[in-house]
Amino acid sequence: MADKQLDDLFLDTLKDIYYAERQILKALPKMAKAAQSAELRAGFEQHRAETEVHVERLEQVFELLGKAPRGKTCDAILGILEEGKEIMDEFKGTSALDAGLVSAAQAVEHYEIARYGTLATWAKQLGHKEAMNLFLQTLKEEEATDEKLSSLAKTSVNLKAA
Ligand code: FE
Ligand code: FE
């Protein structure tokens, strides 16, 4: 009974992050286009390519579970992306825009890190070892992206905004 419930939660969370990743895939080109710093723009473009792979890995997990890939509306990511959009609108043409874009992107990465950490733990508990490894691969890339954003913020973007 307990396992069955965790199973359901696992599948729901998989659908949540599948929806989120596809929203992120649509948002990243807009963030790249808005970025003023060439380095930040390149970072967003690179992470867009990685995000395509994240979506593919999730589809592999659905397949491993014998389920058709299906998303479930995730209000959290919609809110985070909406905030990012507000920053793009409100700080357009200002020296603080890139700092705002970095902060918006980090909120996205932290959301993903939370989700993938949870999914990897549950996959392990439920005995889905292959799925766990797929989640951990993506988790590593989200963490690396977050660190890159932090160092970009410290070395250049925030200094220009100050
Ligand atoms: Fe991702
Ligand atoms: Fe990401």
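In what follows, the structure referred to is the one given above.
This write-up is about the structure you can find in this document. (Residues numbered from 1 in each chain as written. Chains lettered and ligands numbered in written order. Predicted model: local features only at pLDDT ≥ 70, side-chain atom pairs only at ≥ 80, totals over all residues. Heavy atoms only, no water.)

**Side note on the overall build of the protein chain**
Here is step 1: On a plain count of helices and strands, the protein chain comes out with five helices and zero strands.
Here is step 2: Listing the helices and strands of the protein chain from first to last along the sequence gives α-α-α-α-α.
Here is step 3: Taken along the three principal axes of its C-alpha coordinates, the protein chain extends 55 × 25 × 25 Å.
Here is step 4: Relative to its full complement of 162 residues, the protein chain shows a buried share of 44%.
Here is step 5: Intrachain contacts of the protein chain at a sequence separation of at least 6 include 81% that bridge at least 24 residues.
Here is step 6: Approximately 8700 Å² of the protein chain is accessible, and the part contributed by carbon and sulfur atoms is 53%.
Here is step 7: Positive and negative charge centroids in the protein chain, built from 21 and 28 side chains respectively, lie 2 Å apart. (Helix = DSSP H or I, 4+ residues; strand = E, 2+ residues; numbered from the N terminus. Buried < 20%, exposed > 50% of the residue type's maximum accessible area, 1.4 Å probe, protein only. Contact = heavy atoms within 4.5 Å. Areas by Shrake-Rupley, 256 points an atom, 1.4 Å probe, with all protein chains shown as cover. Lys, Arg positive; Asp, Glu negative; His and termini not counted. Charge placed at Lys NZ, Arg CZ, Asp CG, Glu CD.)

**Section: the coordination of the iron ion (ligand 1)**
Here is step 1: Of the protein atoms, only Glu21 (OE), Glu21 (OE), His54 (ND1), Glu112 (OE) and Glu142 (OE) coordinate the iron ion (ligand 1), at distances of 2.1 to 2.5 Å.
Here is step 2: Binding-site remark: the iron ion (ligand 1) is held by donors from one chain whose sequence spacing is E-x32-H-x57-E-x29-E.
Here is step 3: The distance between the iron ion (ligand 1) and the iron ion (ligand 2) is 3.3 Å, with Glu112 acting as a donor to both metals. On the criterion of sequence distance, the pair formed by Glu112 in helix α4 (residues 97–125) and Glu142 in helix α5 (residues 129–161) is long-range, its members being 30 residues apart. (Donors = N, O, S within 2.8 Å, 3.2 Å for Na, K, Ca; no water.)

**Regarding the pattern of salt bridges**
Working definition: two side chains of opposite charge can pair if their charged atoms are close together.
Here is step 1: This structure, assessed with the given rule, holds three salt bridges.
Here is step 2: A salt bridge links Asp16 to Arg115; its shortest N-O distance comes to 3.3 Å. One end of the pair, Asp16, is in helix α1 (residues 2–34); the other, Arg115, is in helix α4, and 99 residues separate them in sequence.
Here is step 3: With relative accessibility at 25%, the residue Arg115 sits in the partly exposed group.
Here is step 4: Residues Arg57 and Glu141 are paired through a salt bridge, measuring 3.2 Å at the closest nitrogen-oxygen approach. (Salt bridge = Lys/Arg side-chain N within 4 Å of Asp/Glu carboxyl O.)

**Notes on the side chain of Glu112**
Here is step 1: For the buried residue Glu112, which engages in no salt bridge, the nearest side chain bearing the opposite charge is Arg57, 9.7 Å off.
Here is step 2: Leaving out residues up to four positions away in the same chain, Glu112 has contacts with Ile17, Glu21, Ile24, His47, His54 and Glu142.

**Considering the coordination of the iron ion (ligand 2)**
Here is step 1: Surrounding the iron ion (ligand 2) are the protein donor atoms His47 (NE2), Glu109 (OE), Glu109 (OE), Glu112 (OE) and Glu142 (OE), which sit 2.0 to 2.6 Å from the metal.
Here is step 2: Mapped onto the sequence, the donors of the iron ion (ligand 2) take the spacing H-x61-E-x2-E-x29-E.

**Description of the side chain of Thr13**
Here is step 1: When you line up the elements, Thr13 lands in helix α1.
Here is step 2: Judged by its relative accessible area of 9%, Thr13 is buried.

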